[in-house]
Amino acid sequence: MSSPSPTPPPLTPENATPDQRTDFNIGEEYGTARKSLPPAGIVAICLAVVVAIAAVYSLTHRAHPLSSGSIDDVVSVAMPGQDMVMVAINVSIQNNEDKPSWIHTIQASLDASGNRFQDEAAPGVDTQRYFQAFPDLKQHALDILTPETRLNPHSKVSGTVVVSFPVKADAFAARKSLTVTITPYDELPVVITK
């Protein structure tokens, strides 16, 4: 029977040979950004490419109104005893899309005497009463254009919108601009200025 071979002494830095030593520093953390992320230059290049692609896409796929329009006629009537005018505006709107759309809102704004005024289009029921009270307002009127009016594909709809502004008749006549904004559902607004 042979005698058991002696157990080697435990390996310590003092008794290890050069090829048995490691340069491992237990104090160094491998969870830091310097050790786990790619170099900053590569990250910057990738980020610049993503931003450039997003910018090109947003410029080429920019939303635009699918409809167009025009203001055909404007008639105003001064409200007696008030510094106010009631205005009948004939507008036409063309649906340039392959599918129908519906008008969601109709607004008009006035730039006169250095001030801006805005009003929603009067409902159809009120518009008929205004036409009875002010016959001059009705002289060039078409069918009333109201929200929920259907715009068929590639068709044109014309109608009258009635609004009021708190200005005198001469200030309205000397206006800087009159704008009608028609907003169809799921589309950008059609802004018509005269």
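What counts as what
Residues numbered from 1 in each chain as written. Predicted model: local features only at pLDDT ≥ 70, side-chain atom pairs only at ≥ 80, totals over all residues. Heavy atoms only, no water. Helix = DSSP H or I, 4+ residues; strand = E, 2+ residues; numbered from the N terminus. Buried < 20%, exposed > 50% of the residue type's maximum accessible area, 1.4 Å probe, protein only. Contact = heavy atoms within 4.5 Å. Core = buried A, V, L, I, M, F, W, Y, C linked by side-chain atoms within 4.5 Å. pLDDT = per-residue confidence, 0-100. Pairing = 2+ DSSP bridges. Axes fitted to C-alpha atoms, helices over the stretch in contact; angles between N-to-C directions. Polar contact = N/O pair within 3.5 Å; in protein donor to acceptor, adjacent residues only side chain to side chain. Patch = residues over 30% accessible without salt bridge, like charges linked within 9 Å, V, L, I, M, F, W, Y side chains within 5 Å. Areas by Shrake-Rupley, 256 points an atom, 1.4 Å probe, with all protein chains shown as cover. Salt bridge = Lys/Arg side-chain N within 4 Å of Asp/Glu carboxyl O.

As for the side chain of Ser177
- Examined against the element boundaries, Ser177 turns out to sit in strand 7 (residues 177-184).
- With a relative accessible area of 13%, Ser177 lands in the buried category.
- Those residues in contact with Ser177 that lie beyond four places of it in its chain are Ser109, Leu110, Asp111, Arg116, Thr193 and Lys194.

Thoughts on the nonpolar core
- Counting residues in each nonpolar core, the largest one holds 27 residues, and the members touching the most others are Ile89, Phe165 and Ile182.
- Among all residues touching Phe165, those that are not within four sequence positions of it are Asp83, Met84, Val85, Val87, Ala108, Ser109, Leu110, Phe117, Gln118, Asp119, Phe172 and Leu178.
- Judged by nonpolar contacts, the second largest core, of nine residues, contains Val77, Met86, Phe131 and Phe134.

Notes on the confidence of the model for the protein chain
- Averaged over the protein chain, the pLDDT score is 84; the fraction of residues at 70 or greater is 79%.
- Here helix 1 (residues 33-36) stands out as the least confident element of the protein chain, with mean pLDDT 64; strand 6 (residues 156-165) is the most confident, with 93.

Comments concerning the sheet that holds strand 1 (residues 67-78)
- The sheet built from three strands is open, its strands ordered 1-2-6 with antiparallel pairing. Both edges of this open sheet fall to strand 1 and strand 6, since each of them pairs with a single strand only. Taking the axes of each pair of neighbouring strands and ignoring which way they run, one obtains an average angle of 20° across the sheet.
- Looking at chain direction, strand 1 and strand 2 (residues 85-95) are connected through eleven bridges and run antiparallel. Of the residues in strand 2, the one forming a bridge with Val74 is Ile89.

Description of the pairing of strand 6
- In terms of burial, strand 6 is a largely internal element, eight of the ten residues being buried.
- Looking at chain direction, strand 2 and strand 6 are connected through ten bridges and run antiparallel. Each residue of the ladder has a partner; that of Ile89, found in strand 6, is Val161.

So, the pairing of strand 8 (residues 190-193)
- Of the two faces of strand 8, the one holding Val190 and Ile192 is buried and the one holding Val191 and Thr193 is not buried anywhere.
- Both strand 7 and strand 8 contribute to a ladder of four bridges, which runs antiparallel. From the neighbouring strand, Ile182 faces strand 8, where its bridge partner is Val190.
- Counted along the chain from strand 7 to the antiparallel partner strand 8, the turn is five residues long, and its residue Asp186 has a positive phi close to 55°.

Here's the deal with the environment of Thr127
- As for its placement among the helices and strands, Thr127 is situated in helix 3 (residues 124-133).
- In the structure, Thr127 is positioned 33 residues away from Thr160 in sequence and 9.4 Å away in space, judged by C-alpha atoms.
- Those residues within four positions of Thr127 in sequence are excluded, and the remaining contacts are Ala122, Ile144 and Val162.
- Of note is the side chain of Thr127, whose polar atom sits 2.9 Å from the backbone oxygen of Pro123.

Here we look at a nonpolar patch on the surface
- On the surface, Ile45, Val49 and Ile53 cluster together to form a nonpolar patch covering roughly 300 Å² of accessible area.
- For Ile45, a relative accessible area of 56% puts it in the exposed group.

Comments concerning the side chain of Thr181
- When you line up the elements, Thr181 lands in strand 7.
- With a relative accessible area of 18%, Thr181 lands in the buried category.
- Contact partners of Thr181, with chain neighbours within four places excluded, come to Thr105, Ile106, Gln107, Pro189, Val190 and Val191.

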